[in-house]
Amino acid sequence: MEQGMKAAIEKLQNIHEINQLGSGPKWIERQRSLGKLLARERIEILVDPGTFKEIGSVVNGTGKRIDGKVINSPCDGAITGYGKVHGREIAIYASDFTIQAGSIGQQHMQKFNKLWEYASRWGIPMVWLLDSSGGRLGQDDIVSADVEWFFWYESQYSGVAPQITVLMGPCIAGQAYAPCLTDYLIMSRTSGYLWLGGPRMTEAATSEKMDDEVGSADYHMVHTGTCDIVGADDSDSILKARELLNYLPSNHKEKPPQKETQDAADREVPELLDLVSSDISKSYNMYELIGSIVDDGTFFELKAAYAQQIITGYCRFNGQTVGLVANNPEVPKSALECDACDKYYRFLEVLDAYNIPLVNLIDTPVCIPDEDEENRGLLRHGAKIIHLYANTGIPKISIIIRQSYADTGGIIMGGMKGMGVDICYSWPIAIIGIETSEIDLREAFDGGVEHDAYERYLNNSRERVNVFEVANTATAQVIDEVIFPYDTRKKIIEALKLCEGKEEIFPLRAKQHGAPPT
């Protein structure tokens, strides 16, 4: 080997060794003392063994602080590259908190930008392993470090290829919008925090002391609905990202991966006959129903502790990925309220973007909101689901389990054919109607209703229409068939097969999108 080649190889090897150390042992030890993994350890957990290939390892974001001190930043605190998860390629961006607290300098941002371009061109998902203090401050050549490009790339490539953020550190101020713009946000319970202001900034500006829980993973799961999945720690959060990727296509042009299963497509589920009572005053465990009909009893839930009136998540039927939305009869007021509408709306958006079929399990009481929900704009929240549901081109399968009323069940949950449901089945115990009430509406309205509605509606104020009456005529346009409950799994699989080649065309749509309520 000639001397020039030898020197170049030694220089490259030296750079790689420095990159492995980050800012040195002191900062590595500090990261570990906080119960956090190092950036490269996180990548190794995410990808299939030995598959990660780094891009931009020679980049160094050396900069001069305002006080004149030169700061060395290996990789500029951003490790970027690609690897495989379950044998499929993904792009990976991991911020290194040991290097200037993972802050974003100009080279850091450019590495991120390039990776976005590659991922979109290659048609592969983008996974962020985020542990960053945000924009880099205190250096004379950096103002915003082009942080705004985060938002541009996220927005431009939204719906092109799946975007997943795994948050395992602080995320504050403007940068906190970034995880909210990705398709999925997974937060580590031990290390993930997300604030727009944050406790210290808020107290400095307003003297208000915020609860320590504000900004945590559980806070954003239970109260704001910003978080989709909470992991016990860094490792668990990353493993959940691996599991989530297994349900998703690589990009919007592909279908989700098909998985082999030993669970028979024609399997009957006789236990459903005892699980659900025809008495609507008796609740039952919807999770038990879901577990009994999906492949191998496996259900991957999203936003599990948020707006629990409704259940959303991924499962498989005969190896095919579907997005499942179900009412939860065990939660009081299981009709859709504002937060539940937001949860459903966001999930449906992602399903439609990535060609994932929707299965609805419907058992919802009539929607009678209280004053608080009216004040929050429940009509507007419900309307945006109606708009989105009617404009989604994915296969849509509905099963009416027990109750379906016009607004919450029939329209919003897809219990009426006129909403664009491809196949709508019903159990024989189902009751269907426009409204229902346990009170005498003649007393509630005190006669203040239209005269022509008096006999036809008020005298039937407890109206619940038996499914056989509804199904008696095809012109009712409500259901396609009444099925035996134990055939539910089999019928869903048959319906998905029928809709396999569905191609929705919206002839009146001249523009890229409509203008739904927000």
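This text follows the structure it describes.
Residues numbered from 1 in each chain as written. Predicted model: local features only at pLDDT ≥ 70, side-chain atom pairs only at ≥ 80, totals over all residues. Heavy atoms only, no water.

> What am I meant to see in the sheet that holds strand 4 (residues 78–85) here?
The strands that make up a sheet pair up through hydrogen bonds in the backbone, lying either parallel or antiparallel. If you trace the seven strands from one edge of the open sheet to the other, you get 1-4-5-6-7-9-11, paired in mixed fashion. Edge positions in the sheet fall to strand 1 (53–55) and strand 11 (229–231), since each of these pairs with one other strand and no more. Here the strands of the sheet are splayed against their neighbours by 25° on average, with no regard to which way each runs. Taken together, the four bridges between strand 7 (residues 163–167) and strand 9 (residues 184–188) define a ladder with parallel strand orientation. The residue bridging Thr-165 from the neighbouring strand is Leu-185, located in strand 9. Packed onto the sheet, helix 4 (residues 106–122) meets strand 1, strand 4, strand 5 (88–95), strand 6 (126–130) and strand 7 and runs at close to 165° relative to strand 5. In the packing of helix 8 (residues 217–224) onto the sheet, contacts are made with strand 9 and strand 11, and the angle to strand 11 comes to roughly 155°. (Pairing = 2+ DSSP bridges. Helix = DSSP H or I, 4+ residues; strand = E, 2+ residues; numbered from the N terminus. Axes fitted to C-alpha atoms, helices over the stretch in contact; angles between N-to-C directions. Contact = heavy atoms within 4.5 Å.)

> Explain the side chain of Ser-95 to me, please; I cannot follow it from the model alone.
With respect to the helices and strands, the residue Ser-95 is situated in strand 5. The buried category is assigned to Ser-95, whose relative accessible area is 1%. Of note is the side chain of Ser-95, whose polar atom sits 2.7 Å from the backbone nitrogen of Asp-131. (Buried < 20%, exposed > 50% of the residue type's maximum accessible area, 1.4 Å probe, protein only. Polar contact = N/O pair within 3.5 Å; in protein donor to acceptor, adjacent residues only side chain to side chain.)

> Looking at this structure, how should I read the sheet that holds strand 14 (residues 320–327)?
As summarised here, the arrangement of the seven strands in space is 12-13-14-15-16-18-21, forming an open sheet in which the pairing is mixed. Since the sheet does not close on itself, it has two edges, and those belong to strand 12 (300–302) and strand 21 (481–482), each with one partner. Across five bridges, strand 15 (residues 358–362) lies against strand 16 (residues 396–400) in parallel orientation. Each bridged residue has a counterpart across the sheet, and for Asn-360 the counterpart in strand 16 is Ser-398.

Fair warning: the whole summary comes from geometry, so function is off the table for now.
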